[in-house]
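Observations on the three-dimensional arrangement
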Amino acid sequence: LARTPATPTCAKLMVDNQSAKRKAPSVEASDGYFESYAGLGIHEEMLRCRRTDAYLRAIRSAGLAGKTVLDVGCGTGVLAIACARAGARKVYAVEASAVAECARAVVSASGLTGSVEVIRGKVEEVELPERVDVIVSEWMGYFLLRESMLDPVIAARDKWLKPGGALFPSSASIYLAPLCSSLYAPKLREFEREVSGWSHFKDFMGRENGVDISVLDAEWQQEQRDYLLHSCLWQLIDPAEVVGEAARLLHFETATVTQADVATVTRPFELTISSDSEVSGFGSWFDTAFEGSPSSPASSPVVLSTEPPLETHWGQQVLLLHPPQLAAAGDLLHGDFTLGRQRENHRLLALRIRLRHTRPATGEEVYPERVIHYRVD
């Protein structure tokens, strides 16, 4: 799609994005979120991902003949087109970013303007002429819930989905596993270089400017520690780095989940170490299932997993444990995990792990309890 010449309307929109913003100021989010999806590059990355195949297989098994569909965040319109080709009577493809014009161009080039209607706007604000049988949306972000795009899907469900209607995906889960992470050593070295660089800068400020900034040492170190060692990291995790069974942190059904259910989540967890290891982090991934609804089940349910070693544009997420903890086979890492939204930006996540490390074989506490905070920016 990205390599196909765009229609003049689409091309002009991509070149003159500032003009597009002026024409529809209410559409563009003040935090720049929708603008980040206005170019074709990010859509090419997503469409190349294996997730596209999972969605297309799910759509083909959804039993859409004669049904109405709402595609929330349709992007370039590929899934909306797939729904129409699967027999949907009408597809309402809603997209808040400027790429909606490209979706219109692709729909037109596919000869489907009669069955696919592209609507530019936020799904919470648009009006449809009817309720729909099915809602399709690719709302998942890093750590499943980053970007808070499940919120508009829930709003659309409550307003536009018929009783007994189906959502694709129909459920989602987040997992956590202990790691001996290959990222820990290089990130620690980078942290140490930053601390050393600050020391040289501090000497320079004292020598050349007569200003003692040593009172900022602790703040600088904490800032670098938070950024390098306590920020969620993207990685394609090697399964050899996983040193224990993954635990499911969260599971919900999209037909019943509420915004409050995912705004702040606290869950207990238990991770059993499978071999003697240095635990230097935690890995996280998610999966989503496409099963339809009880009254409209999919003929062939599909699961889209991001578990290592599977590769998707989401990758997996790594939370480093600094300092690491030495663990023996059979040790138990347990506690509770809290996921919430950052105060400064509701689309980003703040995580908290209360961690205990015990050895069931002897009943001893191997390390004192710790509380670690992370950011998913």
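Here is a short report on the structure shown in this document. (Residues numbered from 1 in each chain as written. Predicted model: local features only at pLDDT ≥ 70, side-chain atom pairs only at ≥ 80, totals over all residues. Heavy atoms only, no water.)

Assigned secondary structure in the protein consists of 10 helices and 15 strands. Burial statistics for the protein: of 377 residues in total, 53% are counted as buried. Once local pairs closer than 6 in sequence are excluded, the contacts in the protein between residues at least 24 apart make up 76%. As displayed, the protein offers around 17,100 Å² of accessible surface, 52% of which is attributable to carbon and sulfur atoms. (Helix = DSSP H or I, 4+ residues; strand = E, 2+ residues; numbered from the N terminus. Buried < 20%, exposed > 50% of the residue type's maximum accessible area, 1.4 Å probe, protein only. Contact = heavy atoms within 4.5 Å. Areas by Shrake-Rupley, 256 points an atom, 1.4 Å probe, with all protein chains shown as cover.)

The full count for this structure, using the stated rule, is 7 aromatic pairs. Note on Trp198 and Phe201: the rings are 5.7 Å apart at their centroids and 55° apart in plane angle, and the pair reads as tilted. With a gap of 3 residues between them, Trp198 and Phe201 both fall in helix H8 (residues 184-209), about one helical turn apart. Residue classification places Phe201 among the partly exposed positions, given a relative accessible area of 37%. With a centroid separation of 4.8 Å and 15° between ring planes, the pair formed by Trp198 and Trp220 is classed as stacked. Of this pair, Trp198 sits in helix H8 while Trp220 sits in helix H9 (residues 217-229), and the two are 22 residues apart along the sequence. The rings of Tyr55, Phe168 and Phe290 are connected pair by pair, giving a single aromatic cluster. (Phe/Tyr/Trp six-rings, centres within 6.5 Å; stacked < 30°, edge-to-face > 60°.)

In a beta sheet, neighbouring strands are held together by backbone hydrogen bonds and run either parallel or antiparallel to one another. Spatial ordering of the open sheet is given by E3-E2-E1-E4-E5, a layout of 5 strands whose pairing is parallel. The open sheet has two edge strands, strand E3 (116-120) and strand E5 (161-168), and neither has a second partner. The average undirected angle you get between the axes of adjacent strands in this sheet is 20°. The pairing of strand E1 (residues 68-72) with strand E4 (residues 132-137) spans 4 bridges and is classified as parallel. When the sheet's bridge partners are listed, Asp71 is paired in E4 with Val136. Relative to E5, helix H7 (residues 150-160) is tilted by about 150°, and along the sheet it contacts E1, E4 and E5. (Pairing = 2+ DSSP bridges. Axes fitted to C-alpha atoms, helices over the stretch in contact; angles between N-to-C directions.)

This part covers the sheet that holds strand E13 (residues 332-341). Spatially, the 4 strands line up as an open sheet ordered E9-E13-E14-E15, and their pairing is antiparallel. Since the sheet does not close on itself, it has two edges, and those belong to strand E9 (264-272) and strand E15 (364-376), each with one partner. The mean inter-strand angle of the sheet, taken between neighbouring strand axes irrespective of direction, is 15°. In this sheet, strand E14 (residues 349-359) lies alongside E13 in antiparallel orientation, the contact comprising 10 bridges. Bridge pairing in E14 links Leu339 to Leu351.

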